[in-house]
Amino acid sequence: MKKFKNIAEFESALKKQLEQHSVQPPAHLFDKLNLGVKPQNIAHGNKFIKLITHPLTVIKMAILAASIISVVYFATRTDTQIHEVNKGKILVDTLVEDIKIIPISPSYDIDQSKDEPDLDKNTPNLKTNRSEETAKSLLEKTIQNHSIIEEEKPPTNNLFNSNQAKLTVSNISPCIGETVTLQANMTGDWLINNILIDTNKKEISLTPESNKPIHVKFHNKQEVISQTIQPSITSTSIITQKLDNFNYQFKLNDTNIQANWFADNELIASRSSDVTFSTRTVGEHTIKAVPLQSCATEQNITIRVKGKGSIAFFNVFTPNGDGTNDEYTVDIKHYTLFDIQIFNQLNNQLIFTSSNPEIKWNGQINNDGQECSPGEYVAKVKYQLEGEKPEIKNIKFTLLRP
Amino acid sequence: MSHKLSDEISLIKACSQGDHTAFKKIYNHYKGKMFSICLRYMNTHDEAQDVLQDGFIKVYHKISTFSFAGSFEGWMKRIFVHTCIEFIRKQKQHEDINELTEMDNITVSEMTVSSMDADKLIELIKELPKGYRTVFNMYVIDGYSHKQISDALQISESTSKTQLFKARKQLQIWLKGWFE
């Protein structure tokens, strides 16, 4: 026979064959179609005939029949023949007149001493040859025409109960991220969550990424072993307590767990279930707890420290001695740095400087008697609010003298 | 059996009027091919007969909906494949869905099939574990896509692909000597 290049070529040949293939169903079947009644009522009514249907059985029967033909000369027409075949039973109806059925042992012959099953040796002896085929077709014909044959299969585990595959698992409940190794005592295919991962291997390893159970299956030609890996997880969480704007306390919900604590990636405490964190820096801070127990996962929490400081500028002032807006004021609170320079916008002349927001410009050059004319002035203000970055702002404002 | 049923159109029309004789002609013409399909999908001869009956009853009741657009045989084949799948799904409900049950029954054998003999090949396909076999049948022989398979069997497309992969692998093991 011509050999196939690959499975695809085989498949297309197979398809061609099977599309045109036809098998005649038992002749009486049409009469059993009750076309007027719901299908379900008829579908299972056909218990009249029991056939040998499993292909293995058919071949076994064929072998058997072949031996009969050679051994027993069937001139002797007997009535009912009932034989026990091992644990299975074959009952032959009285109608079978032409054939005698003699018991055979199942032809499985499994080499149980070897760890790795060898296909050729472990293969049930199913080779068919010409005479078997003839016998088979004869047998099938006979069966189709007359017989009622029931067969009980011996439980399959009797065939394979030793030489069993065994799995060894390094850790059945690993932590997330911890690698687990599964070993079998023979090679086979490995499936993880029903997806084929590896074939013909004795060992695989896997690393859980979440706490979802992982279903591992190992199968060789005879058996399947399932193993579920349940990654364990210790649920930890950080409880935050705000003491005041710049002081926080963090603790783990499970005080039995110790952790190393980091604030903005700097270690702030070690081997502790809680930590106090103080900062003067406004903005976001990331607090990280790295638990020392293996399965507890790293926890992160972000806090946002709000600044207390504020600053407000005004764009007009009227130094006329009326008690309101007589000085140019910058309203600043909670600051760490303040510096103001006031320029005349016309000629860029520096008119006033101060590092104290309480010392304000009164409209005179250096607050020293010589009054400045109305017009546009610019205040250059350097400042830093508590916990925040230093800033420089240029504020344009108008001096009015009504 | 590849010849066309003579006067198929009028038989179909008569059949949709409830003409049993016409239906018997259709039955007799197609029973072999349809039984072959049933045998491929089902575990046992018995089951295949049951499904064959179910299928023909469906054909009888649905024949009035046949639109003459495609081939009648193709239309029938789809009915039979679906009937098989329905049957398999019903069985599955009673089984532990754990595939273990399915896998336990793998018979280890190097099938000695010496030629492209359809009967032997069907036997071979039937030796595949049920899950593999259904997908293999649908995809390779009956030309369904993975999407259609996943809808019909209510499995994911990736499961369908995996099953096909495993079926092919198993066949290649069984038919070792068949490949270059």
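Calculation notes
- Residues numbered from 1 in each chain as written.
- Chains lettered and ligands numbered in written order.
- Predicted model: local features only at pLDDT ≥ 70, side-chain atom pairs only at ≥ 80, totals over all residues.
- Heavy atoms only, no water.
- Helix = DSSP H or I, 4+ residues; strand = E, 2+ residues; numbered from the N terminus.
- Buried < 20%, exposed > 50% of the residue type's maximum accessible area, 1.4 Å probe, protein only.
- Contact = heavy atoms within 4.5 Å.
- Areas by Shrake-Rupley, 256 points an atom, 1.4 Å probe, with all protein chains shown as cover.
- Salt bridge = Lys/Arg side-chain N within 4 Å of Asp/Glu carboxyl O.
- pLDDT = per-residue confidence, 0-100.
- Pairing = 2+ DSSP bridges.
- Axes fitted to C-alpha atoms, helices over the stretch in contact; angles between N-to-C directions.
- Parallel < 35°, antiparallel > 145°, perpendicular 65-115°, else oblique.
- Nonpolar A, V, L, I, M, F, W, Y, C, P; charged D, E, K, R; others polar.
- Polar contact = N/O pair within 3.5 Å; in protein donor to acceptor, adjacent residues only side chain to side chain.

A. Examining the overall build of chain A more closely. In terms of regular secondary structure, chain A is built from seven helices and 21 strands. Put simply, chain A has 402 residues, and 37% of those count as buried. Relative to all contacts within chain A whose residues are 6 or more apart in sequence, the contacts with residues 24 or more apart total 50%. Total accessible area on chain A is roughly 22,500 Å²; 47% of this is exposed by carbon and sulfur atoms.

B. View of the overall build of chain B. Across its full length, chain B carries nine helices and zero strands. Written out in order from the N terminus, the α and β elements of chain B read α-α-α-α-α-α-α-α-α. The buried share among the 180 residues of chain B stands at 59%. Sequence separation of at least 24 residues holds for 66% of the intrachain contacts in chain B that already meet a minimum separation of 6. For chain B, the accessible area works out to roughly 7,400 Å², and carbon and sulfur atoms hold 50% of it.

C. Geometry of the pattern of salt bridges. Going through the model one piece at a time under the given rule, you end up with eleven salt bridges over all chains. A salt bridge links Glu284 of chain A to Arg304 of chain A, with the shortest nitrogen-to-oxygen separation between them at 3.1 Å. Taken together, the positions of Glu284 of chain A in strand β13 (residues 283–291) and Arg304 of chain A in strand β14 (residues 299–305) put the pair 20 residues apart, joining distant regions of the chain. Here Arg304 of chain A falls in the exposed class, since its relative accessible area comes to 54%. Between Asp151 of chain B and Lys147 of chain B there is a salt bridge; the shortest N-O distance is 3.1 Å. Placement of both Asp151 of chain B and Lys147 of chain B in helix α8 (residues 146–153) is noted, with a separation of four residues, approximately one turn of the helix. Judged by its relative accessible area of 46%, Asp151 of chain B is partly exposed.

D. Examining the confidence of the model for chain B more closely. All names here are of chain B. Averaged over every residue, the pLDDT of chain B is 80; residues scoring 70 or more account for 84%. Low pLDDT (under 50) marks residues 96–112, which in the prediction has 44 contacts with non-local residues, meaning those over four places away or in another chain. Across the assembled chains, the prediction reports ipTM 0.80 with pTM 0.38.

E. Structural view of the sheet that holds strand β11 (residues 266–272) of chain A. Residues and elements named next belong to chain A. Strand order in this open sheet of four strands is β11-β10-β13-β14, and the pairing throughout is antiparallel. On the outer flanks of this sheet lie β11 and β14, each paired with one strand and no other. Going from strand to strand, the sheet's axes swing by 20° on average, the running direction of each strand aside. Pairing between strand β10 (residues 259–263) and β11: four bridges, direction antiparallel. Bridging across to β11, Phe262 finds its partner in Leu267.

F. Focus on the sheet that holds strand β12 (residues 274–278) of chain A. Residues and elements named next belong to chain A. The sheet built from three strands is open, its strands ordered β8-β9-β12 with antiparallel pairing. Looking at which strands have only one partner, the edges of the open sheet turn out to be β8 (238–244) and β12. Geometrically, the sheet is characterised by an average inter-axis angle of 20° between neighbouring strands, direction not taken into account. Examined bridge by bridge, strand β9 (residues 247–252) and β12 share five bridges and lie antiparallel to one another. Across the sheet, residue Tyr248 finds its bridge partner in β12, namely Phe277.

G. Seen up close, the packing of α8 of chain B against helix α9 (residues 157–174) of chain B. Residue and element names in this part refer to chain B. It is at 8 Å that the axes of α8 and α9 come closest, and there the two elements cross at 105°. Classified by the interaxial angle, the pair formed by α8 and α9 is roughly perpendicular. In this structure, α8 uses His146, Lys147, Ile149 and Ser150 to contact α9, whose residues at the interface are Glu157, Ser160, Lys161 and Leu164. Split into classes, the residues belonging to the contact of α8 with α9 amount to two nonpolar, three polar and three charged.

H. Spotlight on the environment of Lys201 of chain A. Residue and element names in this part refer to chain A. Structurally, Lys201 is set in strand β5 (residues 195–206). Separated by eleven residues in the primary sequence, Lys201 and Trp190 have C-alpha atoms spaced 7.7 Å apart. In contact with Lys201, other than residues within four places in its own chain, are Met186, Thr187, Gly188, Trp190 and Phe218. In terms of polar contacts, Lys201 uses its side chain to reach the side chain of Asp198, at 3.5 Å.

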